Amino acid sequence: DQPSTWEVFGIKGAEEAVRKAGYALLLSDTSETGPVEREVVERTLDLVEGIVLASSRMSDSAIRMIAKQKPLVLLNRQITETSCIVTDNPRGVRQAVEHLGTLGHDTITYLAGPEASWAEGIRWRALREAAHELELRVRRIDPHGDPTMRTGHAAARRIADDGATAVLAYNDALAIGAIKGLKQLGVHVPGDVSVVGFDNVLLADVVDPALTTVAAPTRKAGALGVGNVLALAAGARSSGETLVLP
């Protein structure tokens with residue numbers, strides 16, 4: 001399945017930043033599982049100068065506890081008392097909703113992400129608020145499984161059965177999977193159903209038709225995360241304010 005944007009562009013940005021600073025990057029994929037993530041962090045705590053967590057699934061208290069032991073920056077999630085870098089999810093969702101409304105849709109079906117995802121909660125709330133302001137209706141489909149192309153493909157039948165004409169997916173992997181599944185069901189995209197993704201992953205331009213998506217500056221976020229954690233390791237003090245990237 002297509003890796004997330006944080007796995008691709010966020011890592012590239014982080015790698016470039018550590019290389020320029022003369023450090024090495026220790027990378028771990030914890031499969032969006034909080035207990036595994038915490039175990040990996042605890043095992044490597046004595047080996048690193050600082051920690052950058054991307055889309056962490058750990059509890060707020062666990063993250064704060066780690067931040068007391070090592071310089072830590074949190075990407076794609078926001079909690080108090082922690083250095084955080086996020087993208088402007090509400091504005092991105094608003095732009096997607098405005099786009100779908102301009103195309104003439106009066107109802108948007110949201111293909112949801114993982115319940116434990118901070119970004120999922122922010123995007124769902126922003127969608128409901130934007131739809132209310134623009135006098136659009138919202139439906140929600142909670143796919144079974146991780147937010148992958150396979151899961152999006154499996155959700156295509158529910159999208160078709162609901163008679164949806166506009167879909168906003170939690171991420172591009174779900175959107176691309178849904179497009180593939182809809183095409184197999186004989187549903188034309190975008191003629192019958194408009195599909196919008198989120199993140200702007202590598203396959204967004206390759207899929208047919210090319211995917212309309214909300215792009216996030218994840219490469220910049222990865223680089224800033226490394227820069228900020230190295231600054232904290234050098235003695236800088238966090239302002240406590242979350243950095244929001246457009």
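I will try to describe carefully the structure that is included in this document. Just so it is clear, the structure is predicted and the values come from calculations on it, not from any experiment.

### Quick word on the side chain of T30
Link 1 in the chain: One can find T30 in the loop between α1 (5-21) and α2 (34-44).
Link 2 in the chain: Exposure remark for T30: the relative accessible area of 15% places this residue in the buried category.
Link 3 in the chain: For T30, the contacting residues outside a window of four places in its chain are V36, E37 and V40.

### Some words on the sheet that holds strand β3 (residues 83-87)
Link 1 in the chain: Taking strand neighbours across the sheet as the criterion, the four strands line up as β1-β2-β3-β9 in an open arrangement whose pairing is parallel. Strand pairing shows two members of the sheet lacking a second neighbour, β1 (51-54) and β9 (243-245), which therefore form its edges. Here the average twist between neighbouring strands, direction ignored, is 15 degrees.
Link 2 in the chain: In the sheet, β3 pairs with β9 via three bridges, with the strands oriented parallel. When the sheet's bridge partners are listed, I85 is paired in β9 with L243.
Link 3 in the chain: Docked against the sheet, helix α8 (residues 218-233) engages β1, β2 (72-75), β3 and β9, running at close to 160 degrees with respect to β2.

### Notes on the sheet that holds strand β4 (residues 107-111)
Link 1 in the chain: Spatially, β5-β4-β6-β7-β8 is the arrangement adopted by the five strands of the open sheet, whose pairing is parallel. Each having just a single partner strand, β5 (137-141) and β8 (212-215) make up the two edges of the open sheet. With strand direction ignored, the average angle separating the axes of adjacent strands in the sheet is 25 degrees.
Link 2 in the chain: Bridge analysis of β4 against strand β6 (residues 166-169) gives three bridges, and the strand direction is parallel. Counterpart to L111 in the pairing with β6 is A169.

Cut-offs applied
- Residues numbered from 1 in each chain as written.
- Predicted model: local features only at pLDDT ≥ 70, side-chain atom pairs only at ≥ 80, totals over all residues.
- Heavy atoms only, no water.
- Helix = DSSP H or I, 4+ residues; strand = E, 2+ residues; numbered from the N terminus.
- Buried < 20%, exposed > 50% of the residue type's maximum accessible area, 1.4 Å probe, protein only.
- Contact = heavy atoms within 4.5 Å.
- Pairing = 2+ DSSP bridges.
- Axes fitted to C-alpha atoms, helices over the stretch in contact; angles between N-to-C directions.

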